[in-house]
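The chain contents come next:
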Amino acid sequence: MSGYCKIAPGHPVHNDYHEKEYGFPTEDERILFERLVLEIMQAGLSWEIVLKKRKALNKAFHRFLVNKVAAYKTGDVQRLLKDEGIIRNRLKIKAIIENARRVQKLRKSHGGFAGWIAAHHPLTKDGWVKLFREQFLFTGGEIVGEFLMSIGYLPEAHHARCAISKDIAKLTPPWASAVKKGFKYK
């Protein structure tokens, strides 16, 4: 998504995400889950819509705290479907709740979501998509690719000439370590 570097800098909606989050490595479960949710919510819509609704999504989904979301019942689904501040799609909402439950299970098998991702790194995008589809709901190629670029596990979040790419390189994201060892993502 290196084209993002052309439109995001200085943009009132995209700038902060581009400059402070996108492509920066993280292991924080709440952030990982939020990013996955945002990517799921974005399917079929523009990223700008998701960023504009991000604050309301955070409130509606209890700041993306996995245990809270995993405990949602039918009444919570109804509450979310009535919330005009968020993207109201029953399939997406149900997938998000189930995915929170699946993240909980990863705590037992891999020490958490971050541990599960790290345990499978590196993979090509196709390999990641296959893995995510086996583990999670509503995770197609675009969702998985953008999610992994957003957390530093796939390259090309930023154009090589983008100033932010230099900041990210200093953090040695997982994709950079794999490339240094000779892994080919394509």
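Shown above is the structure to which this text applies.
All figures in this text were calculated on a predicted structure; none of them were measured in a lab. (Residues numbered from 1 in each chain as written. Predicted model: local features only at pLDDT ≥ 70, side-chain atom pairs only at ≥ 80, totals over all residues. Heavy atoms only, no water.)

Student: How do you make sense of the overall build of the chain when you look at a structure like this?
Tutor: A tally of helices and strands in the chain yields twelve helices and zero strands. Order of helices (α) and strands (β) in the chain, N terminus to C terminus: α-α-α-α-α-α-α-α-α-α-α-α. The C-alpha atoms of the chain give 16 Å as radius of gyration, which agrees with the globular expectation for 186 residues (16 Å, within 12%). Counting only C-alpha atoms and orienting by the principal axes, one finds that the chain spans roughly 50 × 40 × 25 Å. Out of the 186 residues in the chain, the part that is buried amounts to 46%. Considering only residue pairs separated by 6 or more positions, the chain has 63% of its internal contacts joining residues 24 or more positions apart. Carbon and sulfur atoms form 54% of the exposed surface of the chain, whose accessible area is close to 9600 Å². Taking the average place of the 33 positive charges on the side chains of the chain and the average place of its 19 negative ones, the gap between the two points comes to 3 Å. (Helix = DSSP H or I, 4+ residues; strand = E, 2+ residues; numbered from the N terminus. Rg over C-alpha atoms; globule rule 2.2 N^0.38 Å. Buried < 20%, exposed > 50% of the residue type's maximum accessible area, 1.4 Å probe, protein only. Contact = heavy atoms within 4.5 Å. Areas by Shrake-Rupley, 256 points an atom, 1.4 Å probe, with all protein chains shown as cover. Lys, Arg positive; Asp, Glu negative; His and termini not counted. Charge placed at Lys NZ, Arg CZ, Asp CG, Glu CD.)

Student: Help me understand the environment of Leu91, please; the structure alone is not making it clear to me.
Tutor: Tracing the sequence through the fold places Leu91 in helix α7 (residues 90-110). What makes Leu91 exposed here is its relative accessible area of 63%. Linking Leu91 and Phe138, residues 47 residues apart in sequence, is a C-alpha distance of 8.3 Å.

Student: Looking at this model, I keep getting lost on helix α4 (residues 47-60). Mind explaining?
Tutor: Along an α-helix, a turn takes 3.6 residues, which lines up residues three or four apart on a common side. Between its terminal C-alpha atoms α4 stretches 19 Å, which fits the 20 Å expected from 14 residues at 1.5 Å a residue. In α4, a bend of some 55 degrees at Arg54 exceeds every other bend along the element. Where α4 is buried, its residues meet α1 (4-7), α2 (15-20), α3 (29-42) and α6 (74-82). Where α4 ends, the next residue or the one after it, His62, has phi of about 50 degrees, a positive value. (Expected span 1.5 Å × (residues − 1). Bend = angle between axes of the 7 residues up to and from the residue.)

Student: Any chance you could explain the environment of Gly140 here in plain terms?
Tutor: With respect to the helices, strands and loops of the structure, Gly140 is situated in the loop between α9 (125-135) and α10 (141-150). If near-sequence neighbours (up to four positions away) are discounted, Gly140 is found in contact with Val129 and Arg133.

Student: Would you mind going over the nonpolar core with me for this structure?
Tutor: If you look at soluble globular proteins, the nonpolar side chains tend to sit buried side by side. If you look at the biggest cluster of nonpolar residues, it comprises 53 residues, and the most contacted ones within it are Phe61, Phe113, Ile117 and Leu148. Of all the secondary structure elements, the ones that give two or more residues to this core are α3, α4, α5 (66-70), α6, α7, α8 (113-120), α9 and α10. No other element matches the seven residues that α3 contributes to this core. Not counting chain neighbours up to four residues away, the residues in contact with Leu148 comprise Ile117, Trp128, Phe132, Tyr153 and Leu154. Cys5, Phe24, Cys162 and Ile168 belong to the second largest nonpolar core, which has five residues in total. (Core = buried A, V, L, I, M, F, W, Y, C linked by side-chain atoms within 4.5 Å.)

Student: Sorry if this is basic, but what is going on with the pattern of salt bridges here?
Tutor: Pairing is possible between side chains of opposite charge, provided their charged atoms come close. One pass over the structure, following the stated rule, counts eleven salt bridges. One salt bridge in this structure joins Glu21 and Arg35, with 3.6 Å as the shortest N-O distance. With Glu21 in the loop between α2 and α3 and Arg35 in helix α3, this pair connects stretches of sequence that are 14 residues apart. Salt-bridge contacts for Glu29 lead to Arg107; the nearest nitrogen and oxygen are separated by 2.6 Å. Taken together, the residues Glu29 in helix α3 and Arg107 in helix α7 connect sequence positions 78 residues apart. Residue classification places Arg107 among the partly exposed residues on the basis of a relative accessible area of 30%. Linked by salt bridges that have partners in common, Glu21, Arg30, Glu34, Arg35 and Arg54 make up one network. (Salt bridge = Lys/Arg side-chain N within 4 Å of Asp/Glu carboxyl O.)

Student: Any chance you could explain the packing of α6 against α7 here in plain terms?
Tutor: To describe two helices that pack against each other, one gives the angle between their axes and the distance between the axes. It is the contact of α6 with α7, at a shortest axis distance of 10 Å, that shows an interaxial angle of 135 degrees. As summarised for this structure, α6 and α7 are arranged oblique, according to the angle between their axes. Handedness of the crossing formed by α6 with α7: right-handed. Counting all contacts with α6, which are made through Val77, Gln78, Leu80 and Leu81, the residues of α7 involved are Arg90, Ile93 and Ile97. Looking at side-chain class alone, the contact of α6 with α7 contains five nonpolar, one polar and one charged residues. (Axes fitted to C-alpha atoms, helices over the stretch in contact; angles between N-to-C directions. Parallel < 35°, antiparallel > 145°, perpendicular 65-115°, else oblique. Left-handed = near helix turned anticlockwise from the far one by under 90°. Nonpolar A, V, L, I, M, F, W, Y, C, P; charged D, E, K, R; others polar.)

Student: Please clarify how the side chain of Asn99 should be interpreted in this entry.
Tutor: Checked against the element boundaries, Asn99 lands in helix α7. When residues no more than four places from it in sequence are discounted, the contact partners of Asn99 are Phe33, Leu36, Ile40, Phe136 and Leu137.

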